[in-house]
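Chain by chain, the residues:
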Amino acid sequence: MLTESQACERVHDIVGRARAAGADAADAVFAADRSLSVSVRMSALEDVERSESEELGLRVFVGRRSASVSTSDLGSQSLDTLVERAIAMAREAPEDQWAGLAPEARLLHGRPPLLDLDDGAEVEPQALKERALAAEDAARAVEGVTNSEGGSAGATRSVMALATSHGFAGGYAQSSHGVSASVLAGTGGGMERDHAHHSARHASMLESAEAIGRRAGERAVARLDPQKIASGAMPVVFDRRVSASLLGHLIGAITGSAITRKTSFLLDSMGKQIFAKGVTVCDDPHRPRGLRSRPFDGEGLPVQPLKLIDAGVLETWLLDSASARQLGLEPTGHAARGVGGAPGVSPGNLFMQAGSIPPETLIEDIERGVLVTELIGQGVNGVTGDYSRGAAGFLIEKGEITRPVSEITIAGNLRDMFAALVPANDLEFRYGVNAPTLRIDGMTIAGA
């Protein structure tokens, strides 16, 4: 695999070729990764998979016209052909008055922050097999577990580099390690499935495989003999396993493309109170070893921690350069880039700050409600904010979590849900997007 400096040389070289061939401006992305994964089932090795890839993406501009191409053939002659093809495509593309590279004055200068994202990911297949077996064995050892879908463990290392004809060139490497287990409990038509997993940039930060497996087994057993419940309006508590999904709907509504196309239910909400005053949502791309940390964005702009929601007030859109131009604003450093196409938008390590109430206190005054631990389907309308998703979890009765429930639908409108949301104090940084346990009163439950 190429080093970071070699990757930077690759993208700098092809940008230079594009400019020499007649492009008015260009940027390029190089992405390489190496991964190894092992899966087991019923204590036997099931699969070992190793993969390596290298890809180069080029975007060229001819006036206000642009085109993007990508290749995995990195030979010199092939790159020249790629440049010629990209420029020919750009000359035939429609004009876009908002197209262009990020403003030169806004590019990252100097050394990027040190985020400690790479431990080399040098793991032997035997070590991964042992992790996978330990996770599955621990899950199967839980009383009530009757079958297994398997355990798995993997390690990945990737190198990314970006260069623009405005003078930016930068790259970084990152590693990722993961362990998971998925098992079934019960018998016949009463079987229930659940899983657990953990991912980390450094192997030393991984939760133990035994703990992950045990959690998977306990979750599956807890779901046995689910009940159906009567429909009605009641409080819904979102477990940390699913609470972060609400932040995903928030991000979808405040991206530049949703605002410029006028397809967001938060279109008129900048500077307005959309959550309660106790709710703050932060984006921290500089979190050391964070799963979504990065030293610069997909256009070469610096990134920085900021509050998207401050005391309930929407503070900013997430903008790449094109959407910022269209809105007459400045890009926010949230451009995200693959090897193909124009940049999109993505946050870094996104999280809702913890509230002041323990989860038990959040639940104790609920006469009848639902604790949701699984969400199913994608029934969310980003234009209207209407929300309707299948769910499973546990019934809350007289302030106590009682029996499992399944085959229910929870519904509401995201505007109302955001305004009513109350966070608990149990925030844990476990994923790329994190939120504490959340309570929302007055949601509609469709059950039996």
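Structure first, text after, so check above.
Basis of the calculations
- Residues numbered from 1 in each chain as written.
- Predicted model: local features only at pLDDT ≥ 70, side-chain atom pairs only at ≥ 80, totals over all residues.
- Heavy atoms only, no water.
- Core = buried A, V, L, I, M, F, W, Y, C linked by side-chain atoms within 4.5 Å.
- Buried < 20%, exposed > 50% of the residue type's maximum accessible area, 1.4 Å probe, protein only.
- Helix = DSSP H or I, 4+ residues; strand = E, 2+ residues; numbered from the N terminus.
- Contact = heavy atoms within 4.5 Å.
- Pairing = 2+ DSSP bridges.
- Axes fitted to C-alpha atoms, helices over the stretch in contact; angles between N-to-C directions.
- Salt bridge = Lys/Arg side-chain N within 4 Å of Asp/Glu carboxyl O.
- Parallel < 35°, antiparallel > 145°, perpendicular 65-115°, else oblique.
- Left-handed = near helix turned anticlockwise from the far one by under 90°.
- Nonpolar A, V, L, I, M, F, W, Y, C, P; charged D, E, K, R; others polar.
- Phe/Tyr/Trp six-rings, centres within 6.5 Å; stacked < 30°, edge-to-face > 60°.
- Expected span 1.5 Å × (residues − 1).
- Arc of directions from axis to C-beta.

> Looking at this structure, how should I read the nonpolar core?
A general trend in soluble globular proteins is that nonpolar side chains are found buried together. In terms of nonpolar packing, the biggest core is built from 47 residues, with Phe238, Leu250 and Ile410 touching the most fellow members. With six residues, helix α6 (residues 245-254) is the largest single contributor of residues to this core. With residues near it in sequence (within four places) discarded, isoleucine 410 still touches Val236, Phe238, Val372, Leu375, Tyr387, Ser388, Arg389, Ala391, Met443, Thr444 and Ile445. Cys8, Ala23, Ala67 and Val159 belong to the second largest nonpolar core, which has 29 residues in total.

> What's the story with the environment of isoleucine 440 in this structure? I'm lost.
Inspection of the secondary structure assignment puts isoleucine 440 in strand β19 (residues 438-446). Exposure remark for isoleucine 440: the relative accessible area of 1% places this residue in the buried category. Once the C-alpha coordinates of isoleucine 440 and phenylalanine 418 are considered, the two residues, 22 residues apart in sequence, prove to be 8.2 Å apart. Apart from residues lying up to four places away in sequence, isoleucine 440 is in contact with Met234, Pro235, Val236, Phe238, Leu246, Met417, Ala420 and Leu421.

> Would you take a moment to explain the side chain of threonine 164 for this structure?
Counting through the fold element by element, threonine 164 comes out in strand β4 (residues 145-164). Among residues more than four places away in sequence, those in contact with threonine 164 are Val15, Ala26, Asp27, Leu101, Leu107 and Glu299.

> Would you take a moment to explain the sheet that holds strand β9 (residues 306-310) for this structure?
Strand pairing in a sheet takes place through backbone hydrogen bonds and is either antiparallel or parallel in direction. Across the sheet, five strands lie side by side as β10-β9-β8-β13-β18; this open sheet has mixed pairing. Because the sheet does not close on itself, it has two edges, and the strands there are β10 (313-314) and β18 (433-434). Packed onto the sheet, α6 meets β8 (281-283), β9, β10, β13 (350-352) and β18 and runs at close to 120 degrees relative to β13.

> In this structure, what is going on with the pattern of salt bridges? I would like to understand it.
When the charged atoms of two side chains lie near each other, side chains of opposite charge can form a pair. Per the stated rule, a full pass over the model turns up 25 salt bridges. Lysine 228 is the partner of glutamate 407 in a salt bridge, and the nearest nitrogen-oxygen pair spans 3.2 Å. Of this pair, glutamate 407 sits in strand β16 (residues 400-413) while lysine 228 sits in the loop between α4 (209-222) and β7 (232-238), and the two are 179 residues apart along the sequence. We note that glutamate 407, like lysine 228, is exposed. Through salt bridges with shared partners, one network takes in Asp194, Arg223, Arg241 and Glu374.

> Can you walk me through the packing of helix α1 (residues 4-20) against helix α2 (residues 76-92) in this structure?
In a packed pair of helices, the relevant descriptors are the angle between the two axes and the axis-to-axis distance. Axis separation between α1 and α2 bottoms out at 10 Å; the angle between their running directions is 50 degrees. Looking at the two axes, α1 sits oblique to α2. Here the hand of the crossing between α1 and α2 comes out right-handed. For the pair α1 and α2, contact is made by Asp13, Ile14, Arg17 and Ala18 and by Ser76, Leu79, Asp80, Leu82, Val83 and Ile87, respectively. The residue makeup of the contact of α1 with α2, split by class, is six nonpolar, one polar and three charged.

> Hey, could you run me through the packing of aromatic side chains in this one?
What describes a pair of aromatic rings is the distance from one ring centre to the other and the angle between the planes of the rings. Here the structure, examined in full by the defined rule, presents five aromatic pairs. Between phenylalanine 168 and phenylalanine 296, the ring centres sit 5.0 Å apart and the planes meet at 70 degrees, which makes this aromatic pair edge-to-face. With phenylalanine 168 in the loop between β4 and β5 (169-185) and phenylalanine 296 in the loop between β8 and β9, this residue pair connects regions lying 128 residues apart in the sequence. Each member of the pair, phenylalanine 168 together with phenylalanine 296, is buried. Judged by centre distance (5.4 Å) and plane angle (80 degrees), the rings of tyrosine 172 and phenylalanine 296 are edge-to-face.

> Please clarify how the pairing of strand β1 (residues 25-41) should be interpreted in this entry.
In summary, the side chains of a regular strand alternate between the two faces of the sheet. Summarising burial for β1: 13 of the 17 residues are buried, a large majority. Across 17 bridges, β1 lies against strand β2 (residues 44-62) in antiparallel orientation. Looking at the pairing, serine 37 lines up with glutamate 49 of β2. Counted along the chain from β1 to the antiparallel partner β2, the turn is two residues long, and its residue methionine 42 has a positive phi close to 55 degrees. For β1 and β4, the ladder comprises 14 bridges, and the chain directions are antiparallel. From the neighbouring strand, aspartate 27 faces β4, where its bridge partner is threonine 164.

> Looking at this model, I keep getting lost on the packing of helix α3 (residues 125-140) against α4. Mind explaining?
Running from N to C, α3 and α4 point in directions that differ by 35 degrees, and their axes come no closer than 7 Å. Crossing hand, α3 versus α4: right-handed. Of the residues in α4, those touching α3 at Arg131, Ala134, Ala135, Ala138 and Ala139 are Ala209, Glu210, Gly213, Arg214, Ala216 and Gly217. Considered class by class, the residues forming the contact of α3 with α4 number six nonpolar, two polar and three charged.

> Would you mind showing me how to read α1 here?
Counting along an α-helix, one turn takes 3.6 residues, and residues three or four places apart therefore face a common direction. Helix length check: α1, at 17 residues, gives a terminal C-alpha distance of 25 Å against a target of 24 Å (1.5 Å per residue), a fit within 8%. Of all the residues in α1, the buried ones are Ala7, Cys8, Val11, Ile14, Val15 and Ala18. Looking down the long axis of α1, one finds its buried residues gathered within 135 degrees of arc, a one-sided arrangement. Among the exposed residues of α1, those oriented more than 90 degrees off its buried face are Glu9, His12 and Ala20. Contact partners of the buried residues in α1: β1, β2, α2, β4 and β5.

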